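Spelled out from the first residue to the last, the chains are:
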Amino acid sequence: MFIVNLTYIVDLGAVDAVLADHVEWLKHCYGTGAFIASGPKKPRDGGVILARCSREKLDACLKADPFWQKGFARYDIIEFEPAMMASGLEKLLAK
């Protein structure tokens, strides 16, 4: 599993100009089964994505992100293997 921490490196006006395209990209990645959660950080200086896929699939998804393509964000990727999970989320542990 991966945590992707996006940090904007341009002003929010530039981010907002392509936000609709970014949301469509997110929907596509959810459709492929790669992403399981995402949302903006508070304060709004980037976002977080929780992904459950191979690193290769994650890298391919991220390279298609309009923010990535335009150089609008830095991406810090943390891989981890969940050992415990809140009740009801056990499917996240399944491979």
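Look a little higher up for the structure.
The structure contained in this document is the topic of the report that follows.

Cut-offs applied
Residues numbered from 1 in each chain as written. Predicted model: local features only at pLDDT ≥ 70, side-chain atom pairs only at ≥ 80, totals over all residues. Heavy atoms only, no water. Core = buried A, V, L, I, M, F, W, Y, C linked by side-chain atoms within 4.5 Å. Buried < 20%, exposed > 50% of the residue type's maximum accessible area, 1.4 Å probe, protein only. Helix = DSSP H or I, 4+ residues; strand = E, 2+ residues; numbered from the N terminus. Salt bridge = Lys/Arg side-chain N within 4 Å of Asp/Glu carboxyl O. Expected span 1.5 Å × (residues − 1). Contact = heavy atoms within 4.5 Å. Pairing = 2+ DSSP bridges. Axes fitted to C-alpha atoms, helices over the stretch in contact; angles between N-to-C directions.

## Some words on the nonpolar core
Move 1: The biggest cluster of nonpolar side chains holds 21 residues, and the ones touching the most others in it are Phe35, Leu58 and Phe67.
Move 2: Among the secondary structure elements, those contributing two or more residues to this core are β1 (2–8), α2 (19–31), β3 (46–51), α3 (55–63) and β4 (73–79).
Move 3: Take this core: its biggest share by element is four residues, from β1.

## Thoughts on the pattern of salt bridges
Move 1: Using the criterion set out here, one finds six salt bridges in the structure.
Move 2: For the salt bridge of Glu81 with Arg52, the shortest nitrogen-to-oxygen distance reads 3.6 Å. Remark: Arg52 occurs in the loop between β3 and α3 and Glu81 occurs in the segment after β4; sequence separation between them is 29 residues.
Move 3: Its relative accessible area of 46% is what places Glu81 among the partly exposed residues.
Move 4: A salt bridge links Arg55 to Asp59; the nearest nitrogen and oxygen atoms lie 2.9 Å apart.

## So, the environment of Leu58
Move 1: In this fold, Leu58 is placed in helix α3.
Move 2: Between the C-alpha atom of Leu58 and that of Ser38, which follows or precedes it by 20 residues, the distance is 14 Å.

## Structural notes on α2
Move 1: With 13 residues, α2 extends 18 Å between its outermost C-alpha atoms, agreeing within 8% with the 18 Å of an ideal straight helix rising 1.5 Å per residue.
Move 2: Buried positions along α2 lie against β1, β2 (35–40), β3, α3 and α4 (66–70).

## With respect to the pairing of β2
Strand residues, when the strand is regular, have side chains that alternate between the two faces of the sheet.
Move 1: Bridge count for β2 against β3 is five bridges, and the pairing is antiparallel. Bridging from a neighbouring strand, Phe35 pairs with Ala51 of β3.
Move 2: Taking the residues that link successive antiparallel strands as the turn, the β2-β3 hairpin has five residues.

## Quick word on the sheet that holds β4
Move 1: The strand order across the open sheet formed by four strands is β2-β3-β1-β4, and the pairing between neighbours is antiparallel. Edge positions in the open sheet fall to β2 and β4, since each of these has one partner strand only. Averaged over all pairs of adjacent strands, the angle between strand axes in this sheet comes to 15 degrees, irrespective of strand direction.
Move 2: In this sheet, β3 lies alongside β1 in antiparallel orientation, the contact comprising six bridges. Paired with Val4 across the two strands is Ile49, which belongs to β3.
Move 3: Each of β1, β2 and β3 touches α2; the most contacted strand, β2, lies at about 160 degrees to it.
Move 4: Contacts from α3 reach β1, β2, β3 and β4 within the one sheet, and its direction differs from that of β4 by about 165 degrees.

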